[in-house]
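The primary structure of each chain is shown beneath.
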Protein chains: 2
Amino acid sequence: MKKFLILIMGLLVLSAWKNKSLEQKTAGILQTDYTRYVNPFIGTSKMGHTYPGATAPFGMVQVSPQTNFVPMFKADGSYNPETYEYCAGYQYRDSTIIGFAHTNFSGTGHSDLGDFLMMPTTGDLVLEPLKTANGGKGFYSAFSHNNEEASPGYYKVLLDDYGITAELTASDRVGFHRYTFPDSDSAHIILDMVYNVYHYKNKNVWTFIRVENDSLITGYRQTKGWARTRKVFFAMQFSKPFKSYGHKKYDSIIYDGFYRHFDQRENFPEMAGKNIRAYFNFNTREGEQIKVKMALSSVSTEGALKNLEAEIPHWDFEKTKTETREKWNKELSKIEVETMTEADKITFYTALYHTLLSPIIYEDVDGRYRGLDQNIHTSDGFTNYTIFSLWDTYRALHPLFNIIQPRRNNDMIKSMLAHYDQSVHHMLPVWSHYANENWCMIGYHAVSVIADAMACNVGDFEQKHALQAAISTANVGYFDGLGDYIKYHYVPDDQSHSSVSKTLELAYDDWCIAQMAKRLGDKKTEKEFLERSQYYHNVFDPKTGFMRPKLSDGTFRKDFDPLDTHGQGFIEGNAWNYGLYVPQNIDELIRLMGGKEHFSRHLDSLFTMELADKYFEKTEDITRDGIIGNYVHGNEPGQHIPYLYNWAGKPYKTQKRVRMIMETMYGPSVDGLCGNDDTGQMSAWYIFSALGFYPVTPGSGYYALGSPLVKEAVIHLENGKTLHIIAKNQSKENVYVNRVILNGKVLQGFLLSYRDIINGGEIVFEMSNKPR
Amino acid sequence: MKKFLILIMGLLVLSAWKNKSLEQKTAGILQTDYTRYVNPFIGTSKMGHTYPGATAPFGMVQVSPQTNFVPMFKADGSYNPETYEYCAGYQYRDSTIIGFAHTNFSGTGHSDLGDFLMMPTTGDLVLEPLKTANGGKGFYSAFSHNNEEASPGYYKVLLDDYGITAELTASDRVGFHRYTFPDSDSAHIILDMVYNVYHYKNKNVWTFIRVENDSLITGYRQTKGWARTRKVFFAMQFSKPFKSYGHKKYDSIIYDGFYRHFDQRENFPEMAGKNIRAYFNFNTREGEQIKVKMALSSVSTEGALKNLEAEIPHWDFEKTKTETREKWNKELSKIEVETMTEADKITFYTALYHTLLSPIIYEDVDGRYRGLDQNIHTSDGFTNYTIFSLWDTYRALHPLFNIIQPRRNNDMIKSMLAHYDQSVHHMLPVWSHYANENWCMIGYHAVSVIADAMACNVGDFEQKHALQAAISTANVGYFDGLGDYIKYHYVPDDQSHSSVSKTLELAYDDWCIAQMAKRLGDKKTEKEFLERSQYYHNVFDPKTGFMRPKLSDGTFRKDFDPLDTHGQGFIEGNAWNYGLYVPQNIDELIRLMGGKEHFSRHLDSLFTMELADKYFEKTEDITRDGIIGNYVHGNEPGQHIPYLYNWAGKPYKTQKRVRMIMETMYGPSVDGLCGNDDTGQMSAWYIFSALGFYPVTPGSGYYALGSPLVKEAVIHLENGKTLHIIAKNQSKENVYVNRVILNGKVLQGFLLSYRDIINGGEIVFEMSNKPR
C-alpha cells in the first residue's frame, strides 16, 4: 500500500513536468533526475530475486537488507526449497530484517554471496540472527515497509526493535552505513561472518578478522558454495571508537594454539575460524549517528583499505549518496523516454536500473583483481568485471550494452578473455562469479557476446585472440556433453541431460563462432563452425514436428512428451517452446516445421493453449503470472518467440504479443517481474521491446521489429550521436505498427540493423489499432 | 647396525687425511668436504625430532620421508601421545615410508607442516597411505636402512614394495625428486594433499589443484593447526608427461556446482576441496627415471612457478645435488675443527648442520612473501625468514649466528621487525612460523636476540625502531600474564600458569630491553626496564631458598614441591633447575641463595641427586638419557646451569660438567640428541661448548668459559678475520682448563667478550687432567 502511495505522489509531482516535450526536456538533460523513476523494490516479491539495497552502477558492493536466514538443506539433507526465494537475501513479504550484507546478486536463479552481514542493535547483546541457543529472540528486528525507502544508491529503514534508523549508500567498492541510535549504554554493531545467502553448514571455509585499532577492522572470508573457492576481503571503519568488542565462535574447536595464552573472547584483536560473529559496543546519545564504511576487495585487506581511502576518504554520508545518485542519473539518462503513463516510466527506468547492476566491477582501485587461477592480476587496458550469467544475458543484456554501454561491454569481453587466459580448461566463462566458474546452465554463450560485439563494431579487444578462445572453448571434449556433440553431431540423450537444449544452444553458439571467423577471414574455421551450426537438424523429428531427444544409436527416444519440461531433453523449457530455438536459421526452422502457416499456428497454439496443471507444476522458476499458455516469459529460452511471427509473415502478431507481454509481465509493483530478472536479462528484454525492436539473433547485427511501448525515446550514444524514436499515434490500443520510417525513408522488411541505430537519427513508428 | 658400519667406513676413509694439521687443511678450505661429516640421521630416533631429508641451508623446502600417518587425536577426542614422536615426520625405528613431504620442522617439540606428500608406486592404484577403506594395504612401502642414505641436500631410499629407488635433493625453494622405476604399465605418482604432520580431522581448510598441462601442476593448501591461517602454494613439474590422472575427495560433499557438468574423478584438471589425493599415471621401462620438481611459495602459485623457473630451470638432478652440497660445505666450513675422535667430528658437523636448518627463508625469488597480516609484502633490503622458536633459540642459536651468520641474523631481526610491523598486537614474534604466531611457550625473547645483536654490533637494522618494538611488545597487557606482571611486579600463580618461569623470563627479557635503551641513550626506558628486570626478586622465597609461586595476595603458594615440574609455577622445569634462571644478575642470584658455597652445593646436588620416578615421569620432552640427576639437558631452561659454577668460583666444575654433557648427551648415532633439537638450540649449545665458551647472558656481549672438546678450531668470520682456537694438551681426560691465553695474554676471569672473538686472533686453552 505504501508503494502505491509513493507512486501516486510521484505522479502528482511529475504531472507538471510531463507536459513538456521530450526535446525540451533533453535540452536540459542533466537537470532531469531519472533516479526518481526507479523503484528498487520492483522484483523483490516472489520470483524477481532483485534486492532493494544501495549500490552504484555495476558497483562491486551491493549493501542490502537481508530478511531471513534460511538453511539450504533440511535436517535430513534434502534441499530446502525456501532457499530459492532468498537468492538476493530479501523477500518483500517478510517483516523482519537480520542485517545488511555487502554482496548480493540481482535476479539470479541460484545464489551465493551475502558477505559480511552488519546489524546495529541495542540492549542485551545477542549474537544469533534468528534465535539464541536457549530459544531467545535473535538480533533480527521487525520493520515496516511504511518506514522503509529505497532509491538508486540509497536505502533507509527503521529497525523497530531497537529504535535505530539505518541508512545505506555505496560507492563502487565501499558500502556506507549511517545508523541513528537512541540513547543507550549498550548499543552494538554486529559483524556476522557466519551468514551466507544459500547457507549451509561448512559453507564457510575460513574467516579472519583483525581489529587494527579502536575503529578500524580488516578481514576476509573464504566460502565454498556455488563459487567453489571464493575469497572476499574487507576493511571496515567506524566513525566513532567502540568502547569494547569481542566475538563468538560457532565451531567445535578441535585445536587452537592460542587457548593457553589468551582469553580471546573479549577485546582480543585477532579472530579466526570458520564461523565467527563479532560485535562492537558503544554508548550512544539519543539521535547519535554512528557511521560505518565497509570496503571490499578480491585481493587483500590491503586492497580493501586502498579502496576505502580512495573512494570515501570522508564521513559525509550525504556526499556519497549524492555522488552515487548522480552516477545513476548519468547512466539512466542515456535513454530518455516519454511514456503513455507514469507507471510505464517507472517500469521502464527500473528495468533500465536492473540492467545496470551486473556484471559488477571486480578489481581494486589500483586495477588488481583475483583471477580464475586464484593469482592476483592487474587489469591492463580494461576494467575487470565479474558475474557473467551468460546463458541468460547473451540474449538481450549484452546486446543492449552494445548500444548504451559499448565501453563497458568491451571491458566485459576483455574480462572474459582474461578469464579464458586464466582458465585451466582453456574455456571462456560459462557462468562465472568472483574468480570462479560455477558452470551453471549449458552452452558457451560468451562466444555470442563476442560475436555480437564484433557484428556491432564494438570495442578494441583482440579479435583474433577472441576467436582463438572461442575455438578452444568449443573443443573441450569433457565439458558437459560437448565431446559427444562433436562426435555424434548432436548431444545424445542417453549420454547427457538436457540433450536437445544443449544441441540447439551449441549449434547457435557455433554459428556465432563462424561469424567471428568470417569477419576475420578465417574460412576454414567459418566452414567448420557453420557445419556445426547445422547440427540442430539432427534433433528435429519430422514425424512429430518437434525437436526431440535422440539416443546415441541414432533413434529418437520413444518416451517423449513435448509439453513436459522435465526429463525430455530440455532445461527450463519443453519441446513446444525451447524447440523453437534456432535463431541462426529461423527460415530453415520454419521450413522444417511445415512452412510459415503451420509455424504461425504453432506459435498461436503456444500462446493460447491451456497448460495442464501437471505440466505447469513442473515448470521451473515461474508462477502462473509468468506464463501465457505454454509460453514462459519468466525463463529465457523462449524470450525471442513473440518476435518469430515476423519470419512467418505475421508481424502484427509479434506487435500485439509483445505489447501484451510488456503490459502483463512487467509493472511498477514489488511483484513486477514475472520471473528471475537474471542479472538484467528480463529487464533488457523489456527495454528493447519498449523501444520497438529486439535482438533475436545476437551476432547478426540485426534486430527484429516489434511494437514500441514508449511514445518517444532519445538514446544518447557513446559516439555522441542521438537516436530519436517516435511512436506516432501511440496509445494503449494502438499496438500495431503500420509503417516504420527510418530517417525519412520507409523501412522495408522487419529488421533494423546496428548501423541504423548507432548512426543516430530518427525512427518513426506509425501506430494504429489495426494491423496493416 | 648399518649406521655403525657407515661410521666405521667413514673413519677409515678419513684416517689418511686426519694426520694433516688444521692449518694445512684450512689452506685448501674449499677442497675440504665437510658435508661428509654430517649424518642427517642423528636425532631421528626418539626425541631429537630431526629429519633426514634434503634441504639447502636455511632452505624454504625440506623434502623428507614421512614414516607414519598418526592422528593427533584419538577416537575419544583425547590427545594421541604418539603424535609427538612425528614432529618431523620420521622415526628411525619405523620400517615403512608413506611418502616425501616438502615442509618439515627440525627438532621442534610441537609441530605442523608436512605439506604435499608425494609417493611413487606401481601396480594397482591405492590412494590411502596406511590402509584402504576395505582394509587393504595402503600405498606405503617397506624400506630398510640398508638401502637408505642421507647427506646434506640429498636423501635416497629403495621403496621395497615397488622396487622404486627414490632420491631427493633441494634448492632453496624447490624440492627435486628422482624416481627410478621398474618396468610397469601402471606406475603412479601420488600427490597426497590430506597428509599433515600433527594431523587431525578438519585441519585442512582448503586445497586446490590445477593440472596446467600434461606435466605441470599448481595448487595450494590452507591448514589451521599450530599456525591458525597457514597457506602454502606449489608448482609441480614432471620430467615426463603423465598418461592420465585423477583424484579422490575424502569429504562428504554437501554441495558442488560442478557435479552436473563433469565427471571430475578422472582427467579433470581442476580439483578443490578440503581433503584430496591426486594421482598421475605413467608407463615406465625398467630403470626409467621420472623426475619431479616441487617449488613452494607463500604468495601464490605464480610465485611458486617463478621460484621453479629461477632456481631449477633444468632436469639435471646431479647438478642441483652438487650445488646444494657446495652451499652446505660453504656454511659448514665456516668453523673448521680438529677433534680428538672422528666420531666427535661427526657429532660436531652434524650439530653445526642442525643449527643451519632454521629459521628458514620465507620469501619468493622476487622478495615477495606473505606477512603476518596475511597481505603480500616485499622484503626491502633484507631476506625474510620464518620459524622463530624464540624461547629456545635466543639462548645459543642466535648468539651463534652473531658469530658465524651475522648477515643472516641481521635479516632474521629485520624479519622480526617486519612481523612486529604487521602484528595487530604490535608485538615481536614469540614463536612464529609461516605468517602466523603460534604463541608457544612464554616471554618475548625476540628482545634478547635484538639486544644480543646490538651488544655484538651485528647488523644494520633500525635500532630505534627495534627498541620501540621491544617496548610495545613488553606492554601488551593481555598477553599471557604480562598485564599482571606489570601490575604486581611478578606473575601471580593464581592468575596464570607457569607463573615463576614467566616472571624469571620476563625479568631477563626486560633487562635486554634496558640494554637496548642504554645503548641508544634512552635513560628513561633503561631505568624503567632495569627496574622490571629486578622482578625476579619477588618470586624468591628466602625461607625455602627457592624461586616459588606467589599468589596475587602477596603470599607464597602453600602447596609447593621444588622437584615437581607440573603445576608448580614452572614449565619444562622445576624450582630446582628453572629457579636458577637469572642470567642478567647471577651474582645477586647467588647472594639470594646464600652465597657462593651454598650455591655451588645447590648445583652439585642438582647434578647428582637421584630424581624419584614420580618426578622423572612428569618431566616433559626427555628420556632418562637427557637427564643428569635433576639437571635436564633435553630442555632449555637449564642449559646455562653448568656454566654457573664459574660465578660460584668453581670454574673447574663447569669444565668437568660441560665435557661430561658433551660426551653423554650428544653423539654420532641416530639417537644422538637427548631431547628435541629445538630448531638448532640443542646443537648450538654443543657448538659453543665444543669451542670452549657459552653465551650465558645473551645481550651482554660476553661468553662464559667452559672446556673445549675440539683440539683445534678455525672460525672464518664474515669480516674476513679468523679466530683460531687451540686446546693444548687436549685429551678425553684433560677436561680442565688451567689457563686461557688470548692473543698471547693470559685471560683474567671467566668471561670472553664478543670483541675477543670478532677481532679474530688466537685463543689457547691449556688443558689438564687436574683443576688449577
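These lines cover the structure that appears in this document, whether it is placed above or below.

The rules we used
Residues numbered from 1 in each chain as written. Chains lettered and ligands numbered in written order. Predicted model: local features only at pLDDT ≥ 70, side-chain atom pairs only at ≥ 80, totals over all residues. Heavy atoms only, no water. Helix = DSSP H or I, 4+ residues; strand = E, 2+ residues; numbered from the N terminus. Rg over C-alpha atoms; globule rule 2.2 N^0.38 Å. Buried < 20%, exposed > 50% of the residue type's maximum accessible area, 1.4 Å probe, protein only. Contact = heavy atoms within 4.5 Å. Areas by Shrake-Rupley, 256 points an atom, 1.4 Å probe, with all protein chains shown as cover. Lys, Arg positive; Asp, Glu negative; His and termini not counted. Charge placed at Lys NZ, Arg CZ, Asp CG, Glu CD. Pairing = 2+ DSSP bridges. Phe/Tyr/Trp six-rings, centres within 6.5 Å; stacked < 30°, edge-to-face > 60°.

Helix and strand counts for chain A come out as 19 helices and 37 strands. Relative to the compact-globule value of 28 Å for 772 residues, chain A shows a C-alpha radius of gyration of 26 Å, a close match. Within chain A, the proportion of its 772 residues that are buried is 69%. Here the contacts in chain A between residues at least 6 apart in sequence split such that 70% fall between residues at least 24 apart. Carbon and sulfur atoms make up 50% of the accessible area of chain A, which totals about 24600 Å². Here chain A contributes 81 positive and 90 negative side-chain charges, whose respective centroids are spaced 3 Å apart.

What follows covers the pairing of strand β8 (residues 154-159) of chain A. Residues and elements named next belong to chain A. The sheet contact formed by strand β7 (residues 148-151) and β8 spans 4 bridges and is antiparallel. Residue pairing for β8: Glu149 is matched across the bridge by Lys156. Counted between consecutive antiparallel strands, the loop separating β7 from β8 contains 2 residues, among which Gly153 sits at a positive phi close to 85°. In this structure, β8 lies alongside strand β9 (residues 164-170), joined through 6 bridges in antiparallel fashion. Directly across from Tyr154, in β9, lies its bridge partner Thr169. Hairpin connection of β8 to β9: 4 residues between the antiparallel strands, including Gly163 at a positive phi of 65°.

Below, the discussion takes up the sheet that holds strand β31 (residues 702-705) of chain A. All names here are of chain A. An order of β30-β31-β36 is seen for the 3 strands of this open sheet, with the pairing classed as antiparallel. Each of the sheet's edge strands pairs with one partner strand only, and the pair in question is β30 (693-694) and β36 (751-753). The sheet contact formed by β31 and β36 spans 3 bridges and is antiparallel. Of the residues in β36, the one forming a bridge with Tyr703 is Leu752.

Our focus in this paragraph is the packing of aromatic side chains. Tallying each qualifying case throughout the model produces 118 aromatic pairs over all chains. With 5.5 Å between their ring centres and 25° between their planes, Tyr394 of chain A and Tyr508 of chain A make a pair best called stacked. Here Tyr508 of chain A lies in helix α12 (residues 499-519) and Tyr394 of chain A lies in the loop between α6 (390-393) and α7 (397-404), a separation of 114 residues in the sequence. Both residues of the pair, Tyr394 of chain A and Tyr508 of chain A, count as buried. Taking 5.5 Å as the distance between ring centres and 85° as the angle between the ring planes, the aromatic pair formed by Phe238 of chain B and Phe242 of chain B counts as edge-to-face. Each member of the pair, Phe238 of chain B as well as Phe242 of chain B, carries the same accessibility label: buried. Cluster of aromatic residues (ring-pair linked, three or more members): Tyr34, Tyr37, Phe348, Tyr349, Tyr643, Tyr666, Trp685, Tyr686, Phe688, Phe693, Tyr694 and Tyr703 of chain A.

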